[in-house]
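Secondary and tertiary structure notes
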Amino acid sequence: MSVLVVGSVAYDGIETPFGKVDRTLGGSATYISLAASYFVNNVRLVGVVGNDFNEQDMDLLKSRNVDLEGLQVDESGKTFFWQGRYHYDLNSRDTLDTQLNVFEKFDPVIPEGYQGSKYISLGNIEPSLQRKVLDQVKDPRYVVLDTMNFWIEGAEEELKKTLSRVNMLIINDSEARELAEEPNLIKAAQLIRDMGPSSLIIKKGEHGALLFTESGVFSVPAYPVVDIFDPTGAGDTFMGGFLGWLADTNDLSDTNLRRGVVFGSVMASYCVEEFGTSRLKNLSRQDITMRYSEFKRISEIPTYNGEL
Ligand code: AMP
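Quick summary incoming for the structure in this document. Computed from a predicted model, the values in this text were never measured in an experiment.

What about the overall build of the chain?
Regarding its fold elements, the chain presents ten helices and 13 strands. What you see for the chain is a C-alpha radius of gyration of 18 Å, in line with the 19 Å of a compact globule of 308 residues. Reported as C-alpha extents along the three principal axes, the dimensions of the chain are approximately 70 × 40 × 35 Å. A sequence separation of at least 24 residues applies to 64% of the contacts in the chain between residues at least 6 apart.

Points about the packing of helix H9 (residues 254-271) against helix H10 (residues 285-298)
Between H9 and H10, the least distance of the axes is 9 Å, while the angle of their chain directions is 115°. Of the possible angle classes, the one that applies to H9 and H10 is roughly perpendicular. The chirality of how H9 crosses H10 is right-handed. Facing Arg259, Val262, Phe263, Ser265, Val266, Met267, Ser269 and Tyr270 of H9, the residues of H10 in contact are Asp287, Ile288, Arg291, Tyr292 and Phe295. Counted by class, the contact of H9 with H10 contains eight nonpolar, two polar and three charged residues.

With respect to the site of the ligand
If you check the shell around the ligand, you find 16 residues, and the closest are Ser8, Asp12, Gly27, Gly233 and Asp236. By residue number, the principal contributor to the shell around the ligand is helix H8 (residues 234-249), which donates three residues. Considering only residue class, the shell around the ligand consists of six nonpolar, seven polar and three charged.

Describing the side chain of Thr277
With respect to the helices and strands, Thr277 occurs in the loop between H9 and H10. Once residues within four sequence positions are removed from consideration, Thr277 is found in contact with Leu25, Thr30, Tyr31, Leu34 and Leu60.

Focus: the nonpolar core
Counting residues in hydrophobic clusters, the biggest one holds 60 residues, and the most contacted among them are Tyr142, Ile201, Phe242 and Val261. Setting aside its immediate chain neighbours within four residues, Val261 contacts Ile201, Ala209, Leu211, Phe218, Val220, Phe238 and Phe242.

A word on the packing of aromatic side chains
Tallying each qualifying case throughout the model produces eleven aromatic pairs. Seen in terms of ring centroids, Tyr223 and Phe295 are 5.6 Å apart; in terms of plane orientation they differ by 40°. Their pairing is tilted. Of this pair, Tyr223 sits in the loop between strand E13 (216-220) and H8 while Phe295 is found in helix H10, placing the two residues 72 residues apart along the sequence. As far as burial versus exposure is concerned, Tyr223 and Phe295 are alike and both buried. Through successive ring pairs, a cluster of aromatic residues spans Phe39, Trp245, Phe263 and Tyr292. Across from the ring centre of Tyr270, 3.9 Å away, lies the NZ or CZ of Arg291, which sits over that ring.

Considerations on the pairing of strand E4 (residues 43-49)
E4 sits mainly inside the fold: seven of its seven residues count as buried. Of the two faces of E4, both are covered, the one formed by Val43, Leu45, Gly47 and Val49 as well as the one formed by Arg44, Val46 and Val48. Note: strand E1 (residues 3-6) against E4, four bridges, orientation parallel. Within E4, the position partnered with Val5 by the bridge is Leu45. As defined by bridge partners, E4 adjoins strand E5 (residues 71-73) across three bridges and the pair is classed as parallel. Residue pairing in the sheet places Val49 in a bridge with Val73 of E5. The parallel pair E4 and E5, bridged by helix H2 (residues 55-63), forms a crossover whose chirality is right-handed.

As for the sheet that holds strand E2 (residues 10-16)
Sheet strands pair via backbone hydrogen bonds, and the direction of the pair is either parallel or antiparallel. With mixed pairing, four strands are arranged side by side in an open sheet as E3-E2-E6-E7. Here the strands that pair on one side only, and so sit at the sheet edges, are strand E3 (19-26) and strand E7 (93-99). Neighbouring strand axes in the sheet, compared pairwise and without regard to direction, differ in orientation by 15° on average. Bridging between E2 and strand E6 (residues 80-86) involves six bridges; their strand directions are parallel. In the strand pairing of E6, Gly13 is matched with Gln83.

Parameters at a glance
- Residues numbered from 1 in each chain as written.
- Predicted model: local features only at pLDDT ≥ 70, side-chain atom pairs only at ≥ 80, totals over all residues.
- Heavy atoms only, no water.
- Helix = DSSP H or I, 4+ residues; strand = E, 2+ residues; numbered from the N terminus.
- Rg over C-alpha atoms; globule rule 2.2 N^0.38 Å.
- Contact = heavy atoms within 4.5 Å.
- Axes fitted to C-alpha atoms, helices over the stretch in contact; angles between N-to-C directions.
- Parallel < 35°, antiparallel > 145°, perpendicular 65-115°, else oblique.
- Left-handed = near helix turned anticlockwise from the far one by under 90°.
- Nonpolar A, V, L, I, M, F, W, Y, C, P; charged D, E, K, R; others polar.
- Near = heavy atom within 4 Å.
- Core = buried A, V, L, I, M, F, W, Y, C linked by side-chain atoms within 4.5 Å.
- Buried < 20%, exposed > 50% of the residue type's maximum accessible area, 1.4 Å probe, protein only.
- Phe/Tyr/Trp six-rings, centres within 6.5 Å; stacked < 30°, edge-to-face > 60°.
- Lys NZ or Arg CZ within 6 Å of the ring centre and 35° of its normal.
- Pairing = 2+ DSSP bridges.
- Right-handed = clockwise from strand over helix to strand, strands pointing away.

Below is the structure:
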(Lines give C-alpha, C1' and ligand atoms only; values in the text may rest on other atoms or scores of the structure.)
Protein backbone atom coordinates (compact mmCIF):
# COMPACT_ATOMS: atom_id res chain seq x y z
CA MET A 1 0.00 0.00 0.00
CA SER A 2 1.17 3.54 -0.70
CA VAL A 3 2.37 5.94 1.98
CA LEU A 4 1.91 9.70 1.69
CA VAL A 5 4.22 11.80 3.89
CA VAL A 6 3.70 15.51 4.46
CA GLY A 7 6.03 17.60 6.64
CA SER A 8 9.22 19.59 6.81
CA VAL A 9 12.31 19.01 4.70
CA ALA A 10 15.15 20.84 6.37
CA TYR A 11 18.78 21.52 6.94
CA ASP A 12 19.71 20.98 10.57
CA GLY A 13 22.63 22.19 12.67
CA ILE A 14 23.11 19.72 15.52
CA GLU A 15 25.31 19.71 18.58
CA THR A 16 25.45 16.80 21.00
CA PRO A 17 28.03 15.93 23.68
CA PHE A 18 29.57 13.62 21.05
CA GLY A 19 30.00 15.96 18.12
CA LYS A 20 28.63 18.71 15.96
CA VAL A 21 27.40 19.17 12.39
CA ASP A 22 26.68 22.62 10.98
CA ARG A 23 24.31 21.61 8.24
CA THR A 24 22.87 18.24 7.46
CA LEU A 25 19.73 16.96 5.79
CA GLY A 26 16.79 16.75 8.21
CA GLY A 27 13.12 17.57 8.63
CA SER A 28 10.18 15.49 9.73
CA ALA A 29 9.12 14.38 6.24
CA THR A 30 12.69 13.33 5.43
CA TYR A 31 13.03 11.05 8.45
CA ILE A 32 9.51 9.62 8.09
CA SER A 33 10.03 8.88 4.39
CA LEU A 34 13.45 7.29 4.82
CA ALA A 35 12.18 5.03 7.61
CA ALA A 36 9.00 4.04 5.73
CA SER A 37 11.03 3.29 2.59
CA TYR A 38 12.38 0.13 4.27
CA PHE A 39 8.85 -1.32 4.32
CA VAL A 40 7.13 -0.08 1.14
CA ASN A 41 8.54 1.07 -2.17
CA ASN A 42 5.98 3.74 -2.94
CA VAL A 43 6.60 6.46 -0.38
CA ARG A 44 5.38 9.83 -1.65
CA LEU A 45 6.79 12.98 -0.09
CA VAL A 46 5.04 16.37 -0.05
CA GLY A 47 7.09 19.29 1.24
CA VAL A 48 9.02 22.35 0.16
CA VAL A 49 12.72 23.16 -0.20
CA GLY A 50 14.50 26.35 -1.27
CA ASN A 51 17.13 27.34 -3.81
CA ASP A 52 19.97 26.00 -1.62
CA PHE A 53 18.76 22.39 -1.54
CA ASN A 54 21.50 20.29 -3.03
CA GLU A 55 21.43 17.53 -5.59
CA GLN A 56 23.06 14.92 -3.31
CA ASP A 57 20.20 15.23 -0.84
CA MET A 58 17.64 14.80 -3.63
CA ASP A 59 19.63 11.78 -4.77
CA LEU A 60 19.67 10.29 -1.30
CA LEU A 61 15.86 10.38 -1.13
CA LYS A 62 15.61 9.01 -4.68
CA SER A 63 18.06 6.23 -3.86
CA ARG A 64 15.55 5.04 -1.27
CA ASN A 65 12.79 5.11 -3.90
CA VAL A 66 11.04 8.09 -2.30
CA ASP A 67 8.78 9.74 -4.90
CA LEU A 68 9.56 13.47 -5.07
CA GLU A 69 6.84 14.67 -7.45
CA GLY A 70 5.23 16.41 -4.46
CA LEU A 71 8.43 18.11 -3.29
CA GLN A 72 8.11 21.76 -4.29
CA VAL A 73 11.27 23.73 -5.04
CA ASP A 74 10.70 27.39 -4.17
CA GLU A 75 13.48 29.36 -5.85
CA SER A 76 12.54 32.54 -3.97
CA GLY A 77 14.28 31.57 -0.73
CA LYS A 78 16.21 29.08 1.37
CA THR A 79 15.29 25.72 2.83
CA PHE A 80 13.88 25.56 6.38
CA PHE A 81 16.77 25.58 8.85
CA TRP A 82 16.69 24.27 12.41
CA GLN A 83 19.49 24.26 14.94
CA GLY A 84 19.47 22.36 18.21
CA ARG A 85 21.75 21.39 21.07
CA TYR A 86 21.53 18.30 23.28
CA HIS A 87 23.08 17.85 26.69
CA TYR A 88 24.12 14.64 28.46
CA ASP A 89 20.45 13.95 29.12
CA LEU A 90 19.64 13.32 25.48
CA ASN A 91 15.91 13.38 26.25
CA SER A 92 15.95 17.17 26.39
CA ARG A 93 17.21 19.64 23.80
CA ASP A 94 17.45 23.38 23.28
CA THR A 95 16.32 24.85 20.00
CA LEU A 96 18.94 27.49 19.17
CA ASP A 97 17.56 28.71 15.87
CA THR A 98 14.54 28.15 13.62
CA GLN A 99 14.55 29.83 10.21
CA LEU A 100 11.30 28.99 8.46
CA ASN A 101 12.43 30.43 5.11
CA VAL A 102 10.33 28.94 2.26
CA PHE A 103 8.51 26.72 4.78
CA GLU A 104 6.71 29.81 6.10
CA LYS A 105 4.53 29.92 2.97
CA PHE A 106 4.24 26.16 2.55
CA ASP A 107 0.97 25.22 0.91
CA PRO A 108 0.70 21.43 0.67
CA VAL A 109 -0.53 20.57 -2.80
CA ILE A 110 -1.16 16.86 -3.21
CA PRO A 111 -0.41 15.75 -6.78
CA GLU A 112 -3.26 13.90 -8.46
CA GLY A 113 -1.29 10.67 -8.51
CA TYR A 114 -0.94 10.81 -4.70
CA GLN A 115 -4.58 11.53 -3.89
CA GLY A 116 -5.52 7.86 -3.66
CA SER A 117 -2.79 7.12 -1.06
CA LYS A 118 -4.11 4.84 1.66
CA TYR A 119 -1.68 5.43 4.52
CA ILE A 120 -1.12 9.06 5.42
CA SER A 121 1.52 10.52 7.69
CA LEU A 122 0.92 14.09 8.75
CA GLY A 123 4.24 15.35 10.07
CA ASN A 124 4.47 18.23 12.48
CA ILE A 125 3.07 21.26 10.61
CA GLU A 126 0.31 23.78 11.32
CA PRO A 127 -2.89 21.83 12.15
CA SER A 128 -5.01 23.68 9.56
CA LEU A 129 -2.49 22.67 6.86
CA GLN A 130 -2.71 19.07 8.05
CA ARG A 131 -6.49 19.24 7.45
CA LYS A 132 -5.87 20.78 4.05
CA VAL A 133 -3.95 17.63 3.16
CA LEU A 134 -6.85 15.46 4.33
CA ASP A 135 -9.24 17.51 2.18
CA GLN A 136 -7.21 16.52 -0.88
CA VAL A 137 -6.93 12.76 -0.32
CA LYS A 138 -9.67 10.36 -1.32
CA ASP A 139 -10.72 7.66 1.10
CA PRO A 140 -7.52 7.11 3.12
CA ARG A 141 -7.42 3.92 5.17
CA TYR A 142 -5.25 5.13 8.06
CA VAL A 143 -4.10 8.62 9.06
CA VAL A 144 -1.30 9.20 11.58
CA LEU A 145 -0.69 12.63 13.07
CA ASP A 146 2.27 14.25 14.79
CA THR A 147 2.21 17.61 16.55
CA MET A 148 4.21 19.58 19.10
CA ASN A 149 3.90 21.91 22.11
CA PHE A 150 3.97 24.93 19.83
CA TRP A 151 0.61 23.98 18.26
CA ILE A 152 -0.88 22.64 21.50
CA GLU A 153 -0.23 26.04 23.07
CA GLY A 154 -0.81 28.30 20.07
CA ALA A 155 -3.48 26.60 17.95
CA GLU A 156 -5.40 24.33 20.30
CA GLU A 157 -8.79 24.68 18.60
CA GLU A 158 -7.33 24.06 15.13
CA LEU A 159 -5.46 21.06 16.48
CA LYS A 160 -8.62 19.59 18.00
CA LYS A 161 -10.42 19.89 14.65
CA THR A 162 -7.57 17.98 13.02
CA LEU A 163 -7.55 15.38 15.81
CA SER A 164 -11.16 14.55 15.12
CA ARG A 165 -10.16 13.38 11.61
CA VAL A 166 -7.24 11.05 12.31
CA ASN A 167 -6.87 7.43 13.41
CA MET A 168 -3.66 7.72 15.39
CA LEU A 169 -1.76 10.45 17.21
CA ILE A 170 1.93 9.99 18.03
CA ILE A 171 3.33 12.42 20.60
CA ASN A 172 5.80 12.46 23.47
CA ASP A 173 4.90 12.27 27.14
CA SER A 174 5.17 15.99 27.95
CA GLU A 175 3.01 16.85 24.93
CA ALA A 176 0.39 14.31 25.99
CA ARG A 177 0.21 15.80 29.48
CA GLU A 178 -0.08 19.29 28.06
CA LEU A 179 -2.73 18.41 25.47
CA ALA A 180 -4.90 16.57 27.99
CA GLU A 181 -4.11 18.94 30.88
CA GLU A 182 -3.64 15.82 32.97
CA PRO A 183 -0.36 14.69 34.59
CA ASN A 184 -1.23 10.97 34.69
CA LEU A 185 -0.39 9.45 31.30
CA ILE A 186 -3.02 6.71 31.48
CA LYS A 187 -5.78 9.25 32.17
CA ALA A 188 -4.28 11.66 29.62
CA ALA A 189 -4.38 8.92 26.97
CA GLN A 190 -8.09 8.35 27.53
CA LEU A 191 -8.82 12.08 27.35
CA ILE A 192 -6.87 12.39 24.08
CA ARG A 193 -8.60 9.37 22.54
CA ASP A 194 -11.90 11.04 23.41
CA MET A 195 -10.80 13.95 21.18
CA GLY A 196 -10.89 11.75 18.07
CA PRO A 197 -8.02 9.34 17.37
CA SER A 198 -9.01 5.78 18.24
CA SER A 199 -5.38 5.01 19.06
CA LEU A 200 -2.50 6.91 20.57
CA ILE A 201 1.22 6.33 20.94
CA ILE A 202 3.08 8.15 23.67
CA LYS A 203 6.86 8.20 23.12
CA LYS A 204 9.05 8.37 26.18
CA GLY A 205 12.49 8.86 24.59
CA GLU A 206 15.04 6.51 26.06
CA HIS A 207 12.26 4.89 28.14
CA GLY A 208 10.34 3.44 25.21
CA ALA A 209 6.77 3.94 24.05
CA LEU A 210 3.19 3.18 25.06
CA LEU A 211 0.42 2.22 22.64
CA PHE A 212 -3.17 2.88 23.69
CA THR A 213 -6.03 1.28 21.76
CA GLU A 214 -9.53 0.09 22.52
CA SER A 215 -8.04 -3.16 23.84
CA GLY A 216 -5.85 -1.42 26.39
CA VAL A 217 -2.24 -0.44 26.75
CA PHE A 218 0.92 -2.01 25.30
CA SER A 219 4.40 -1.03 26.45
CA VAL A 220 7.67 -1.33 24.53
CA PRO A 221 11.08 -0.51 26.01
CA ALA A 222 13.62 1.47 24.05
CA TYR A 223 16.39 -0.62 22.55
CA PRO A 224 19.50 -0.38 24.73
CA VAL A 225 21.63 1.41 22.14
CA VAL A 226 25.24 1.54 23.30
CA ASP A 227 26.42 4.41 21.08
CA ILE A 228 23.81 7.16 20.90
CA PHE A 229 25.26 10.03 18.89
CA ASP A 230 22.29 12.12 17.93
CA PRO A 231 18.59 11.73 18.87
CA THR A 232 17.41 14.17 16.16
CA GLY A 233 14.66 12.65 14.07
CA ALA A 234 14.15 9.61 16.31
CA GLY A 235 10.45 10.45 16.80
CA ASP A 236 9.84 10.94 13.08
CA THR A 237 11.79 7.81 12.25
CA PHE A 238 9.61 5.91 14.72
CA MET A 239 6.52 7.23 12.93
CA GLY A 240 7.89 6.21 9.51
CA GLY A 241 8.75 2.69 10.67
CA PHE A 242 5.37 2.28 12.36
CA LEU A 243 3.36 3.46 9.36
CA GLY A 244 5.60 1.71 6.83
CA TRP A 245 4.96 -1.60 8.56
CA LEU A 246 1.18 -1.04 8.65
CA ALA A 247 1.10 -0.03 4.99
CA ASP A 248 3.19 -3.03 3.97
CA THR A 249 0.94 -5.49 5.80
CA ASN A 250 -2.34 -3.56 5.40
CA ASP A 251 -3.45 -5.08 8.69
CA LEU A 252 -4.85 -2.77 11.36
CA SER A 253 -5.47 -5.41 14.02
CA ASP A 254 -4.33 -4.69 17.55
CA THR A 255 -1.58 -7.30 17.33
CA ASN A 256 -0.26 -5.76 14.14
CA LEU A 257 -0.31 -2.25 15.62
CA ARG A 258 1.87 -3.69 18.40
CA ARG A 259 4.30 -5.07 15.82
CA GLY A 260 4.27 -1.62 14.23
CA VAL A 261 5.33 -0.04 17.54
CA VAL A 262 8.26 -2.46 17.72
CA PHE A 263 9.29 -1.76 14.10
CA GLY A 264 9.04 1.98 14.83
CA SER A 265 11.30 1.48 17.84
CA VAL A 266 13.75 -0.58 15.76
CA MET A 267 14.06 2.18 13.16
CA ALA A 268 14.45 4.88 15.82
CA SER A 269 17.16 2.84 17.54
CA TYR A 270 19.18 2.87 14.30
CA CYS A 271 18.53 6.56 13.65
CA VAL A 272 20.26 7.68 16.86
CA GLU A 273 23.45 5.73 16.18
CA GLU A 274 24.84 8.35 13.79
CA PHE A 275 24.37 12.05 13.10
CA GLY A 276 21.36 13.22 11.08
CA THR A 277 20.01 10.75 8.55
CA SER A 278 23.35 8.92 8.02
CA ARG A 279 22.35 5.64 9.60
CA LEU A 280 19.09 5.50 7.64
CA LYS A 281 20.80 5.46 4.26
CA ASN A 282 21.59 1.80 3.88
CA LEU A 283 20.23 -0.53 6.48
CA SER A 284 19.57 -4.10 5.41
CA ARG A 285 16.37 -6.08 5.92
CA GLN A 286 18.42 -8.33 8.16
CA ASP A 287 19.46 -5.40 10.39
CA ILE A 288 15.78 -4.64 10.92
CA THR A 289 14.52 -8.16 11.50
CA MET A 290 17.44 -8.97 13.78
CA ARG A 291 16.76 -6.02 16.01
CA TYR A 292 13.04 -6.85 16.09
CA SER A 293 13.98 -10.28 17.51
CA GLU A 294 16.23 -8.64 20.08
CA PHE A 295 13.34 -6.40 21.16
CA LYS A 296 11.26 -9.51 21.68
CA ARG A 297 14.00 -11.12 23.72
CA ILE A 298 14.73 -8.14 25.98
CA SER A 299 11.09 -7.54 26.84
CA GLU A 300 9.91 -11.11 27.39
CA ILE A 301 8.54 -11.58 30.91
CA PRO A 302 9.14 -15.14 32.10
CA THR A 303 6.12 -17.06 33.33
CA TYR A 304 6.17 -18.64 36.79
CA ASN A 305 4.06 -21.22 38.50
CA GLY A 306 1.54 -18.68 39.77
CA GLU A 307 2.35 -19.12 43.45
CA LEU A 308 4.00 -16.73 45.88
P1 AMP B 1 12.38 14.97 16.08
O2 AMP B 1 13.77 14.85 16.68
O3 AMP B 1 11.77 13.65 15.74
O4 AMP B 1 11.50 15.87 16.86
O5 AMP B 1 12.57 15.69 14.66
C6 AMP B 1 13.56 16.63 14.42
C7 AMP B 1 13.35 17.25 13.05
O8 AMP B 1 12.25 18.15 13.10
C9 AMP B 1 14.56 18.05 12.60
O10 AMP B 1 15.13 17.42 11.47
C11 AMP B 1 14.02 19.44 12.28
O12 AMP B 1 14.43 19.90 11.03
C13 AMP B 1 12.51 19.30 12.31
N14 AMP B 1 11.86 20.45 12.96
C15 AMP B 1 12.28 21.13 14.05
N16 AMP B 1 11.43 22.14 14.35
C17 AMP B 1 10.42 22.08 13.42
C18 AMP B 1 9.23 22.86 13.18
N19 AMP B 1 8.89 23.92 13.92
N20 AMP B 1 8.44 22.50 12.15
C21 AMP B 1 8.76 21.45 11.38
N22 AMP B 1 9.86 20.70 11.53
C23 AMP B 1 10.70 21.00 12.55
